[in-house]
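Single-letter residue listing:
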Amino acid sequence: MSSGYQDRVVSLLEGSSKQQKTRPTVAVTHSPSHDLRTLRPAFHRLLEVMQPPMTKVIKRGDRVLLKPFLHHGRHSYPDSRLVSHPALIQVVMEALLDCGAQVMLGDEGSRSFASHTVPTSREWVHDLARRHDIALVSFAKSGARYVRSGLRFPRRYLLARAILDVDHVVNCANFQPHYVLGMSGAVKNIFNAVVGAGQSRLQQLFPQSMDLAKAIVDVCDVVRPSLSFLDLTSVRSSREVDEAHPVGLLLAGAEPSALDAVAVRAMGWDATRIPTLCAAECRRPGSTKLSNFGVVGLVEQLPDARCFDQVPVKHPATEKFYQRATRRLNHTILRPRPVINPITCTRCGDCARICPVNAIKSHGDSPPTIAHADCADCHLCLEACPTGAINTQFIGVSWALRRLTGRSLITN
Ligand code: SF4
Ligand code: SF4
């Protein structure tokens, strides 16, 4: 580890020592590896100093959803460092069980959690839940409901009931660089509360990273996790390079954006180039300034970590007004809608069972019908249909406009 890196973390803590009694507080501890023999004592040191203490927040019998970051396609295997590490999930789970909580483990289930088969790269999650006798919750299958947003647009989000209908959400996030947001951490981990294709639609509606970051921060504020943990034990520098850099830090606290701010500062990165931190700062001035919150913990002996440079955030070209208007229309009023092919449909009813807003009605021997006025375009039915009988098509006005303008009527 460079001495510069160590100096940065030490100066961060020295600079904030006078603020320890103020809120929010971020607890920091040295975490050398994900080996349970070293991780468990490190995590217990973190629990001793974290504010508020876990035992004050989580009471016996509370229903707690533990939210790790699990979904990274083919990179979902435990040591990829692109998903939350199973060892950290395990120690957080054990601490919650010690508090007497009813723990559920769940993440965005919009894709493979909705299907009947478990991808090999994610079998470990099921093993972990089974070994601890913990319910594994699919956000897709748990249903969803609309929650008002704090933004002018969109006015509401379709969020998983699994994350809304519990006493506490405990955020078990993983730190990693992100080419749209600069970093993915505690705030971004909660964005998975938006079910199904809702997340990708927000990304299409907000191609500029700052606009997307405002929605991500807003979702995190709506969900309000009770406690957050952020893992920088090791950090992978990119999806392509299969190499994790030892950083050796574990953070905990109640305010996700404060955890992200400490992590970015510890990595020696420029917080003003991280859109989610800028969005949180715009929303609550001073909320990401280290001088406004306390940092407590044990970090005197940092590991010999090799750091890497902050990834540059990719900014798409600025759109002209009509380009922006067209893109918005194509992803809202003129968007393609789910349609059932009556020939390939076997009437199994899976689509009606998974639809979170009950927009699909089964009709016995006839194919189900979709009430498009109620449909939230989450695309969970497309994922769930075993015969691929549901696809998206332009219908109504968007179909007519495309016919008139000679544009393709086929969707991808
Ligand atoms: S899931 Fe597919 S096959 Fe089953 S009823 Fe729905 S459309 Fe038909
Ligand atoms: S009908 Fe609409 S809301 Fe229901 S699962 Fe399909 S896409 Fe989602």
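Residues numbered from 1 in each chain as written. Chains lettered and ligands numbered in written order. Predicted model: local features only at pLDDT ≥ 70, side-chain atom pairs only at ≥ 80, totals over all residues.

**Comments concerning the overall build of the chain**
Along its length, the chain carries 15 helices and 16 strands. Looking at the 412 residues of the chain, the share that counts as buried comes to 43%. Taking contacts inside the chain between residues at least 6 apart in sequence as the whole, the part at least 24 apart equals 75%. (Helix = DSSP H or I, 4+ residues; strand = E, 2+ residues; numbered from the N terminus. Buried ≥ 20, exposed ≤ 12 C-beta atoms within 10 Å, placed from the backbone. Contact = placed C-beta atoms within 7 Å.)

**Some words on the site of ligand 2**
Neighbouring residues of ligand 2: 13 residues in total, closest Cys 355, Cys 375, Ala 376, Cys 378 and Cys 381. Of the residues in the shell around ligand 2, the class split is eleven nonpolar, one polar and one charged. (Near = placed C-beta within 6 Å. Nonpolar A, V, L, I, M, F, W, Y, C, P; charged D, E, K, R; others polar.)

**What to know about the nonpolar core**
The biggest cluster of nonpolar side chains holds 106 residues, and the ones touching the most others in it are Leu 66, Val 92 and Leu 251. Domain assignment of the residues forming this core places at least three in each of domain 1 (3–298) and domain 2 (321–405). Beyond its immediate chain neighbours, meaning those up to four positions away, Leu 66 contacts Ile 89, Val 92, Met 93, Leu 96, Val 103, Met 104, Leu 105, Val 170 and Cys 172. (Core = buried A, V, L, I, M, F, W, Y, C linked by C-beta atoms within 7 Å. Domains from an automatic or database assignment.)

**What about the site of ligand 1?**
In the vicinity of ligand 1 lie 15 residues, with Cys 345, Cys 348, Asp 350, Cys 351 and Cys 385 positioned nearest. Secondary-structure elements contributing two or more residues to the shell around ligand 1 are helix 13 (350–354) and strand 15 (366–370).

**What to know about helix 2 (residues 36–49)**
Between its first and last C-alpha, helix 2 extends 20 Å over 14 residues, near the 20 Å set by a 1.5 Å rise per residue. Restricting attention to buried positions, one finds in helix 2 the residues Leu 39, Ala 42, Phe 43 and Leu 46. Mapping the buried residues of helix 2 onto a view down its axis gives an arc of 100°, with all of them on the same face. Residues Arg 37 and His 44 are exposed on helix 2 and point more than 90 degrees away from its buried face. (Expected span 1.5 Å × (residues − 1). Arc of directions from axis to C-beta.)

**Here we look at unusual backbone geometry**
Most peptide bonds take the trans form, and the phi angle of most residues other than glycine is negative. Here the bond from Gln 51 into Pro 52 is cis, since omega is -5°, no more than 30 degrees from zero. Tracing the backbone shows Pro 52 in the loop between helix 2 and helix 3 (54–57). The step from Phe 153 to Pro 154 runs through a cis peptide bond, and the omega angle for that step is -5°. With respect to the helices, strands and loops of the structure, Pro 154 is situated in the loop between strand 5 (144–148) and strand 6 (156–160). Look at Asp 133: it is not a glycine, yet its phi comes out positive at around 55°. One can find Asp 133 in the loop between helix 5 (123–131) and strand 4 (135–138). Backbone geometry at Arg 224 places phi at a positive 50°, although glycine is not the residue there. Mapping Arg 224 onto the fold places it in the loop between helix 9 (209–223) and strand 10 (227–236).

**Details of the packing of helix 2 against helix 4 (residues 86–98)**
For the pair helix 2 and helix 4, the least separation of the axes is 10 Å and the interaxial angle reads 50°. By the angle between their directions, the pair helix 2 and helix 4 is classed as oblique. The two elements helix 2 and helix 4 meet at a crossing, and its hand is right-handed. Counting all contacts with helix 2, which are made through Leu 36, Leu 39, Arg 40, Phe 43 and Leu 47, the residues of helix 4 involved are Ala 87, Leu 88, Val 91 and Ala 95. Taken together, the residues of the contact of helix 2 with helix 4 sort by class into eight nonpolar, no polar and one charged. (Axes fitted to C-alpha atoms, helices over the stretch in contact; angles between N-to-C directions. Parallel < 35°, antiparallel > 145°, perpendicular 65-115°, else oblique. Left-handed = near helix turned anticlockwise from the far one by under 90°.)

**Some details on the environment of Arg 156**
Within the secondary structure, Arg 156 is located in strand 6. Once the C-alpha coordinates of Arg 156 and Tyr 146 are considered, the two residues, ten residues apart in sequence, prove to be 6.2 Å apart. When near neighbours in sequence (up to four residues on either side) are disregarded, Arg 156 contacts Tyr 146, Val 147, Arg 148 and Ser 149.

**Points about the packing of helix 10 (residues 256–266) against helix 11 (residues 275–283)**
Contact pair helix 10 / helix 11: the axes reach a minimum separation of 10 Å and the direction vectors enclose 135°. For the element pair helix 10 / helix 11, the angle class is oblique. Handedness of the crossing formed by helix 10 with helix 11: left-handed. Where helix 10 approaches helix 11, its residues Ser 257, Asp 260, Ala 261 and Val 264 are matched on the opposing element by Thr 276, Leu 277 and Ala 280. Residue composition of the contact of helix 10 with helix 11, by class: four nonpolar, two polar and one charged.

**Some words on the environment of Leu 259**
Structurally, Leu 259 is set in helix 10. A C-alpha to C-alpha distance of 6.9 Å links Leu 259 and Leu 230, two positions 29 residues apart in sequence. If sequence neighbours within four positions are ignored, Leu 259 has contacts with Val 26, Gly 185, Ala 186, Ser 228, Leu 230, Leu 251 and Gly 253.

**Some points on the confidence of the model for the chain**
Taken over all residues, the pLDDT of the chain has a mean of 86, while the share at 70 or more is 87%. Confidence drops under pLDDT 50 across residues 301–306; counting only partners more than four residues distant or on other chains, this segment forms 19 contacts. (pLDDT = per-residue confidence, 0-100.)

**Some thoughts on the pairing of strand 3 (residues 102–107)**
Most of strand 3 sits inside the fold, with five of its six residues counted as buried. Note: strand 3 against strand 4, four bridges, orientation parallel. Considered in strand 4, the bridge of Asp 107 is made with Ser 138. (Pairing = 2+ DSSP bridges.)

**Overview of the environment of Met 54**
Structurally, the position occupied by Met 54 is in helix 3. In this structure Met 54 comes out as partly exposed when scored by C-beta crowding, with 19 C-beta atoms within 10 Å. When the C-alpha atoms of Met 54 and Gly 253 are compared, they prove to be 9.4 Å apart, with 199 residues separating the residues in sequence. Excluding residues within four positions of it along the chain, Met 54 makes contact with Leu 47, Ala 95, Cys 99 and Leu 227.

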